[in-house]
Amino acid sequence: MSSDWPALPYEAWRPTCDTLHAHTQLLGKLAAKLAPPEPQLQHAALRLSARGWETLPLPAPDGSGALVVALDLHTHEGVAEHSDGRVRRVALAPDRPVREVTRELLAAVVELGGPVELNLTPQETPWTRPLDEDDEHATYDPDQVETYFAAATRVALVLAALRAPYRGRSTPVNAWWGSFDLAVNLFSGLAAKPPSDDFIMRNAMDAQEVALGWWPGDARYPKAAFYAYAHPAPEGFASATLAPDAARWDAALGEYVLDWDDVVAADDPHAAALQFARSAFQHACLVCGWDHGLAASAEGIPPPVA
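Since the model is a prediction, treat every value here as computed from it, not as a measurement. (Residues numbered from 1 in each chain as written. Predicted model: local features only at pLDDT ≥ 70, side-chain atom pairs only at ≥ 80, totals over all residues. Heavy atoms only, no water.)

Peer 1: Is there a simple way to explain the sheet that holds strand 9 (residues 207–215) in this structure?
Peer 2: Each strand in a sheet pairs with another by means of backbone hydrogen bonds, the pair being arranged parallel or else antiparallel. Overall, antiparallel pairing links the six strands, which are arranged 7-8-9-10-12-11 in an open sheet. Of all the strands in the sheet, the pair left with one neighbour each is strand 7 (174–176) and strand 11 (248–250). When strand polarity is set aside, the average angle formed by the axes of neighbouring strands in this sheet is 30°. In this fold helix 3 (residues 142–163) packs onto strand 8 (181–191), strand 9 and strand 10 (225–231), with an angle of close to 20° to the strand it touches most, strand 8. The strands touched by helix 6 (residues 269–288) are strand 8, strand 9, strand 10 and strand 12 (255–259); relative to strand 10, the strand with the most contacts, the crossing angle is about 15°. (Pairing = 2+ DSSP bridges. Helix = DSSP H or I, 4+ residues; strand = E, 2+ residues; numbered from the N terminus. Axes fitted to C-alpha atoms, helices over the stretch in contact; angles between N-to-C directions. Contact = heavy atoms within 4.5 Å.)

Here it is, written out as structure tokens:
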């Protein structure tokens, strides 16, 4: 087991995980509201930086410049920064309820950049109480958060290595605040029919893609794991044997998964995780009929010159 790839037992840190997830929702809602709209809802995505989760620079509502809002997982603070240098900080610990953090961080944003109206009902979560009324989620263990962040940082480096050589359109490594996962999406360039008319599905899944990502565990799959899926997925997509050997198809999720524990136990966890991601991508490209040169470019091989 690599000491740089920490164990992350979901049930042991679930209360803190849910609180941290709830905190990311405010950042995501600010991005969705203030950033210029992009295809596949990319403007609503957050990033994982060297300090934690954060927005890209967002237009200040009052036109005064740009705002970045972050969760600093080293100092355990919510941070609002204006491009003019002003900074406001809100403590996340010890065990502060989401309601308090939301109200204080949103007030800081308004102070720095002007008023903004948000629907504070959480999205894609089992709970529905608005963020500024949420007293249920108040457990915040700094040690557990730092362990999560160490794991998430390793994941982000794997996903960045996967997408780096790809010649087609791809997303950055996104931190998604609805599903609380990290993911990169690689596109073929063709349109696709969304799987449902739901707002998120209709807007986020209107192109042929392969998604590779990782979550730290949730109620439906209570283990940290890498995952991979294709959209649209043709018949036979679930029949592959991927690498490494621990990778498998999960019928309930409709995705290929590689559990975090199996990655951590590998002699080279980074290589094992990247092998899974590349294996899943190449399988998806094959069964989905992607251009061979485009698919090969993800292995660092440029497309042939005509």
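Still to come is the rest of the account.
Peer 1: What is the right way to look at the layout of surface pockets in this model?
Peer 2: With a probe scaled to a water molecule rolled over the atoms, the places where space remains empty come into view. Roughly 1,300 Å³ of internal volume is contained in the largest pocket. Along its surface, the largest pocket is lined by 48 residues, and E124, W176, G178, S179 and I200 are the ones closest to its centre. Elements with a contribution of two residues or more to the lining of the largest pocket: helix 1 (10–34), strand 8, helix 4 (199–204), strand 9 and strand 10. Classifying every residue of the lining of the largest pocket gives 24 nonpolar, twelve polar and twelve charged. (1 Å grid on protein atoms, 1.4 Å probe; cavity = no way out; pocket = protein on both sides within 12 Å on 5 of 7 lines; lining within 4 Å. Points joined across faces, edges and corners; volume = space filled by probe spheres on them. Nonpolar A, V, L, I, M, F, W, Y, C, P; charged D, E, K, R; others polar.)

Peer 1: What is the right way to read unusual backbone geometry from this model?
Peer 2: What is expected of a backbone is that most residues other than glycine have negative phi and most peptide bonds are trans. A cis amide bond links A93 to the next residue, P94, at an omega of 5°. Of note, P94 is situated in the loop between strand 6 (87–91) and helix 2 (98–113). Cis geometry is adopted by the peptide bond preceding P244, which originates at A243 and carries an omega value of -5°.

Peer 1: Mind showing me how you'd approach the pairing of strand 5 (residues 77–82) here?
Peer 2: On any regular strand, side chains alternate: one points to one face of the sheet, the next to the other face. Across the six residues of strand 5, five count as buried, placing the element largely inside the fold. As judged from the six bridges shared by strand 4 (residues 66–72) and strand 5, these two strands associate in the antiparallel manner. Across the sheet, L71 pairs through a bridge with G78, a residue of strand 5. Linking strand 4 to strand 5, which pair antiparallel, is a turn of four residues; within it H76 sits at a positive phi near 60°. (Buried < 20%, exposed > 50% of the residue type's maximum accessible area, 1.4 Å probe, protein only.)

Peer 1: Explain the packing of aromatic side chains here, please?
Peer 2: For any pair of aromatic rings, geometry is given as the distance between the ring centres together with the angle between the planes. One pass over the full model with this rule turns up 15 aromatic pairs. Centre to centre, the rings of F237 and Y256 are 5.4 Å apart; their planes meet at 75°, and the pair counts as edge-to-face. Of the two residues, F237 is situated in the loop between strand 10 and strand 11 and Y256 in strand 12; the sequence distance between them amounts to 19 residues. F237 sits in the buried class, given a relative accessible area of 4%. (Phe/Tyr/Trp six-rings, centres within 6.5 Å; stacked < 30°, edge-to-face > 60°.)

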